[in-house]
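The primary structure of each chain is shown beneath.
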Amino acid sequence: MSDLDSNSVAKMQAYRLVMDYTGLDLSKMETREDGKYYTSNGIEFSEYLKEKLKDCKDVPTEFRGAAFEYTMQKVNKVAQLGWNNIPDLKFSIGYNNANGFIPCGTSFEA
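Described in the following lines is the structure provided in the data block. (Residues numbered from 1 in each chain as written. Predicted model: local features only at pLDDT ≥ 70, side-chain atom pairs only at ≥ 80, totals over all residues. Heavy atoms only, no water.)

## Notes on the pattern of salt bridges
Here is step 1: The final tally for this structure, using the stated rule, is five salt bridges.
Here is step 2: Across the pair arginine 16 and aspartate 20 runs a salt bridge whose closest N-O atoms are separated by 2.9 Å. Here the residue arginine 16 and the residue aspartate 20 both occupy positions in helix 1 (residues 6–22), the gap between them amounting to four residues, near one helical turn.
Here is step 3: Residue aspartate 20 is classed as partly exposed on the basis of its relative accessible area, which comes to 45%. (Salt bridge = Lys/Arg side-chain N within 4 Å of Asp/Glu carboxyl O. Helix = DSSP H or I, 4+ residues; strand = E, 2+ residues; numbered from the N terminus. Buried < 20%, exposed > 50% of the residue type's maximum accessible area, 1.4 Å probe, protein only.)

What follows is the structure in C-alpha cells.
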C-alpha cells in the first residue's frame, strides 16, 4: 500500500467529522488570527461543536466528550497548517477478480 500523507488524512478526517456532527463544511469556515475556526455566524467552532454534540443522537452520551476531543484534535491540526496548505487526499484503487478492490501500486500474489 502506498504511503498516505498524514496531514492529508487528518484533513479528510476533520472534514468528515465536522460534516457528520454539525452539517458544516470545514473548507468554507473562516479562520482568524487566533488560529481557530468560526462559523458563518461568528461562533467559535469548538463552542458550536459542543452544543451540537449535546443533541447528537448518533453518539452515546458517555462518548460525546471523546468525540469532541478527537474532532477538535483533527480540526486544530488543519487550522494550524491551513486548509489550503494541506494537499487533498488522493487514493487510487484498482480491481481484480482474485482480490477485489486493491490500492493501485500494490501487488498481491495468489
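## Details of the side chain of glutamate 44
Here is step 1: Along the chain, glutamate 44 turns up in the loop between strand 2 (37–38) and helix 2 (45–54).
Here is step 2: Buried within the structure, glutamate 44 lacks any salt-bridge partner; its nearest side chain of opposite charge belongs to lysine 36, at an N-O separation of 5.0 Å.
Here is step 3: If near-sequence neighbours (up to four positions away) are discounted, glutamate 44 is found in contact with Lys36, Tyr37 and Tyr38. (Lys, Arg positive; Asp, Glu negative; His and termini not counted. Contact = heavy atoms within 4.5 Å.)

## Observations concerning the pairing of strand 3 (residues 93–96)
Two faces, one strand: in a regular strand the side chains alternate between the faces of the sheet.
Here is step 1: The pairing of strand 3 with strand 4 (residues 100–103) spans four bridges and is antiparallel. Across the sheet, the residue bridging to glycine 94 is isoleucine 102, located in strand 4.
Here is step 2: Hairpin connection, strand 3 to strand 4: the antiparallel pair is bridged by three residues. (Pairing = 2+ DSSP bridges.)

## Side note on the packing of aromatic side chains
Here is step 1: Scanning the model with the defined rule gives two aromatic pairs in all.
Here is step 2: Where tyrosine 15 meets tryptophan 83, the ring centres are 6.2 Å apart and the plane angle is 45°; that geometry is what we call tilted. Taken together, the positions of tyrosine 15 in helix 1 and tryptophan 83 in the loop between helix 3 (64–81) and strand 3 put the pair 68 residues apart, joining distant regions of the chain.
Here is step 3: Tryptophan 83 gets classed as buried once you look at its relative accessible area, which sits at 19%.
Here is step 4: Measuring from ring centre to ring centre gives 5.3 Å for tyrosine 95 and phenylalanine 101, while their planes differ by 65°; the resulting arrangement is edge-to-face.
Here is step 5: Judged by relative accessible area, which is 64%, phenylalanine 101 ranks as exposed.
Here is step 6: The ring of tryptophan 83 has lysine 11 sitting right over it, with the charged end atom 4.5 Å from the ring centre.
Here is step 7: Sitting over the ring of tyrosine 38, arginine 32 keeps its end group 3.9 Å from the ring centre. (Phe/Tyr/Trp six-rings, centres within 6.5 Å; stacked < 30°, edge-to-face > 60°. Lys NZ or Arg CZ within 6 Å of the ring centre and 35° of its normal.)

## Let's talk about the side chain of lysine 11
Here is step 1: Relative to the assigned elements, lysine 11 resides in helix 1.
Here is step 2: The class of lysine 11 is buried, set by a relative accessible area of 5%.
Here is step 3: When neighbours within four sequence positions are excluded, lysine 11 is seen to be in contact with Val78, Trp83, Ile86, Pro87 and Asp88.

## A look at the nonpolar core
Here is step 1: Counting residues in hydrophobic clusters, the biggest one holds 20 residues, and the most contacted among them are Tyr21, Leu26, Tyr37, Phe45, Leu53 and Val75.
Here is step 2: For this core, the secondary-structure elements that each account for two or more residues are helix 1, helix 2 and helix 3.
Here is step 3: No other element matches the six residues that helix 3 contributes to this core.
Here is step 4: Contacts of leucine 26, omitting those with residues within four sequence positions, involve Ala14, Tyr15, Val18, Tyr37, Val75, Val78 and Trp83. (Core = buried A, V, L, I, M, F, W, Y, C linked by side-chain atoms within 4.5 Å.)

Purely spatial values, then, with no claim about function.
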